[in-house]
Amino acid sequence: MSIKKVICIIYLYSSFLFGLSYIDAASLINGEDLALSIRNSIPSENISINASMEVTLKNRKRLKTALTIETKLLGKDEFLTIYKTKLEKNFTTWEIRRKKGHPNKYNIEQAKNDTEKKQNLYIELAGSSFTLADFGLEFLHWPNQKTIRKQRRKSRLCNVLESKPTKAIKVEYSRVLSWVDEKSGAILAADFFDLNGEILKRFSVKGLTKKNGQWQVDEIEMRHLKDGTKSRLKLNY
C-alpha cells in the first residue's frame, strides 16, 4: 500500500528533523491551494486495516487496544472512514465523512451513551492523544493557510504549511505546522500548538518499509508534550 493510499486513512505525520533546506518565499506554493489539495485527496479503492493503539503513560504503564480502520467510497468525490475499537463492552466507533468542497461530517458511537462526548471533536481514541479532529484534519479547513518555507524532514523535501483558526472558531489549538511531502502530497509531520502558543502535541512516522516498489507506513506516533504520554498506532496489512 502506497503512502498516497494510507494518507486517506490516517493522514501521516513525522517529527524528526534530518537537516534543513530553505528557498525564497516567492517560489513557495500557495498555502490555500496546498490545504485544498490535501482535503480533496480521495482513495482509489475501499480499504480495511487491522491496527493497534499502544499508549505509554508518564509512569511507563502501557495500555493496548485493538482497532480496525476502514475506508468506504461513497461516490466519485466522497468517502467514509471508520475507526473502531474492538472492545466488547466499551467500544467506540468514529465516522468521518469527507466530500470535496464540503466540511467534514462526524458521527461518534459509544457503548456508553455520552451526549457531551458525541459533540466533542477533541475526545481521545482508546485513551491516546489522537483526537477525532486530528484524524479529520480539521485544521486544514481553517480560513488561514500559509506556506511559510521549504524544509527537509526524514531526508524528504517538504512544504511547511501554517494553519491558523479565527477567534470565532472554537478549537483547542492556536496553530498547526504541517510538513507536506513535495512528491507524494502526504503530511509527513505536524506540530500542534496550544492556546498559549506552545507546542502541545507532535506526530512522527516510526515505521516505513518498501514493498513491491512502494513505501508503506507501519507505525505512527503521537507525543503529548504536556502530560508526557506517548501513543503509537501500529498498522497490520
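Description of the structure in this document. In this text, all values refer to a predicted model and were calculated from it rather than measured experimentally. (Residues numbered from 1 in each chain as written. Predicted model: local features only at pLDDT ≥ 70, side-chain atom pairs only at ≥ 80, totals over all residues. Heavy atoms only, no water.)

Things to note about the overall build of the protein chain
Working step 1: Across its full length, the protein chain holds 4 helices and 12 strands.
Working step 2: Pairs at least 24 apart in sequence give 50% of the contacts found in the protein chain among residues at least 6 apart.
Working step 3: Here the protein chain has roughly 12,300 Å² of accessible surface; of this, 46% comes from carbon and sulfur atoms. (Helix = DSSP H or I, 4+ residues; strand = E, 2+ residues; numbered from the N terminus. Contact = heavy atoms within 4.5 Å. Areas by Shrake-Rupley, 256 points an atom, 1.4 Å probe, with all protein chains shown as cover.)

Overview of empty space enclosed by the protein
Working step 1: Evaluation of the coordinates by the stated rule reveals 1 cavity of 30 Å³ or more.
Working step 2: The space that makes up the largest cavity amounts to roughly 30 Å³.
Working step 3: Together, Tyr-122, Ala-133, Asp-134, Glu-138, Phe-139, Trp-142, Tyr-173 and Phe-192 line the largest cavity.
Working step 4: Its residues placed into classes, the lining of the largest cavity shows 6 nonpolar, no polar and 2 charged. (1 Å grid on protein atoms, 1.4 Å probe; cavity = no way out; pocket = protein on both sides within 12 Å on 5 of 7 lines; lining within 4 Å. Points joined across faces, edges and corners; volume = space filled by probe spheres on them. Nonpolar A, V, L, I, M, F, W, Y, C, P; charged D, E, K, R; others polar.)

Considerations on the nonpolar core
Nonpolar side chains in soluble globular proteins tend to end up buried together.
Working step 1: The biggest cluster of nonpolar side chains holds 41 residues, and the ones touching the most others in it are Trp-94, Phe-130, Phe-135, Phe-139, Leu-140 and Leu-233.
Working step 2: Examining the composition of this core, we find that 5 residues originate from one element, strand β1 (residues 47-56), more than from any other.
Working step 3: For Leu-140, the contacting residues outside a window of four places in its chain are Ala-35, Ile-38, Arg-39, Gln-145, Leu-161, Ser-163 and Ile-187.
Working step 4: Within the second largest apolar cluster, 8 residues are counted, among which are Leu-177, Ala-186, Leu-188 and Phe-193. (Core = buried A, V, L, I, M, F, W, Y, C linked by side-chain atoms within 4.5 Å. Buried < 20%, exposed > 50% of the residue type's maximum accessible area, 1.4 Å probe, protein only.)

A few points about the side chain of Ser-163
Working step 1: Mapped onto the fold, Ser-163 is located in strand β7 (residues 156-164).
Working step 2: Note on Ser-163: relative accessible area 0%, which makes it buried.
Working step 3: Looking at Ser-163, its side chain comes within polar contact range of the side chain of Gln-145, at 2.6 Å.
Working step 4: Discounting residues that sit within four places of it in the chain, Ser-163 has contacts with Phe-139, Leu-140, Trp-142, Asn-144, Gln-145, Arg-175 and Val-176. (Polar contact = N/O pair within 3.5 Å; in protein donor to acceptor, adjacent residues only side chain to side chain.)

Things to note about the environment of Ile-148
Working step 1: Mapped onto the elements, Ile-148 comes out in strand β6 (residues 144-153).
Working step 2: Judged by relative accessible area, Ile-148 falls into the partly exposed class, the value being 28%.
Working step 3: Sequence separation between Ile-148 and Glu-162 is 14 residues, and the spatial gap between their C-alpha atoms is 6.7 Å.
Working step 4: The residues touching Ile-148, leaving out its near neighbours within four places in the chain, are Leu-28, Val-160, Glu-162 and Leu-177.

Regarding unusual backbone geometry
Working step 1: Even without glycine at this site, Arg-60 takes up a positive phi of about 75°.
Working step 2: Counting through the fold element by element, Arg-60 comes out in the loop between β1 and β2 (62-75).
Working step 3: One non-glycine residue with positive phi stands out, namely Ala-126, at about 55°.
Working step 4: With respect to the helices and strands, Ala-126 occurs in the loop between α3 (115-118) and α4 (132-135).

Remarks on the pairing of strand β5 (residues 105-110)
Working step 1: Two elements, strand β4 (residues 92-99) and β5, share 6 bridges in a ladder whose sense is antiparallel. The residue of β5 that forms the bridge with Thr-93 is Glu-109.
Working step 2: Between the end of β4 and the start of β5, which pair antiparallel, lie 5 residues, with Gly-101 showing a positive phi angle near 80°. (Pairing = 2+ DSSP bridges.)

Things to note about the packing of aromatic side chains
Working step 1: Enumeration over the complete set of coordinates arrives at 8 aromatic pairs.
Working step 2: Seen from their ring centres, Phe-130 and Phe-135 are 5.4 Å apart, and the 15° between their planes marks the pair as stacked. This pair shows no difference in class: Phe-130 is buried, exactly as Phe-135 is.
Working step 3: Grouping aromatic residues by their ring pairs yields a cluster made of Tyr-83, Trp-94, Tyr-122, Phe-130, Phe-135, Phe-139, Tyr-173, Phe-192 and Phe-203.
Working step 4: Here the basic side chain of Arg-153 rests over the ring of Trp-179, its NZ or CZ set 3.5 Å away from the ring centre.
Working step 5: Over the aromatic face of Phe-193 sits the side chain of Arg-175, whose NZ or CZ is 4.1 Å from the ring centroid. (Phe/Tyr/Trp six-rings, centres within 6.5 Å; stacked < 30°, edge-to-face > 60°. Lys NZ or Arg CZ within 6 Å of the ring centre and 35° of its normal.)

Section: the pattern of salt bridges
Working step 1: Taken as a whole and assessed by the stated rule, the structure comprises 13 salt bridges.
Working step 2: Linking Lys-201 and Asp-134 is a salt bridge whose minimum nitrogen-to-oxygen distance equals 2.6 Å. In this pair, Lys-201 sits in strand β10 (residues 199-211) while Asp-134 sits in helix α4, placing the two residues 67 residues apart along the sequence. When sorted by exposure, Lys-201 lands in the same class as Asp-134, which is buried.
Working step 3: The residue Lys-226 makes a salt bridge to Glu-198 at a minimum N-O spacing of 3.4 Å. One end of the pair, Lys-226, is in the loop between β11 (214-224) and β12 (229-236); the other, Glu-198, is in the loop between β9 (187-193) and β10, with 28 residues separating them in the sequence.
Working step 4: Looking at Lys-226, the relative accessible area reads 43%, which means it is partly exposed.
Working step 5: Several salt bridges converge on common partners, so that one network encompasses Glu-219, Glu-221, Arg-223 and Arg-232. (Salt bridge = Lys/Arg side-chain N within 4 Å of Asp/Glu carboxyl O.)

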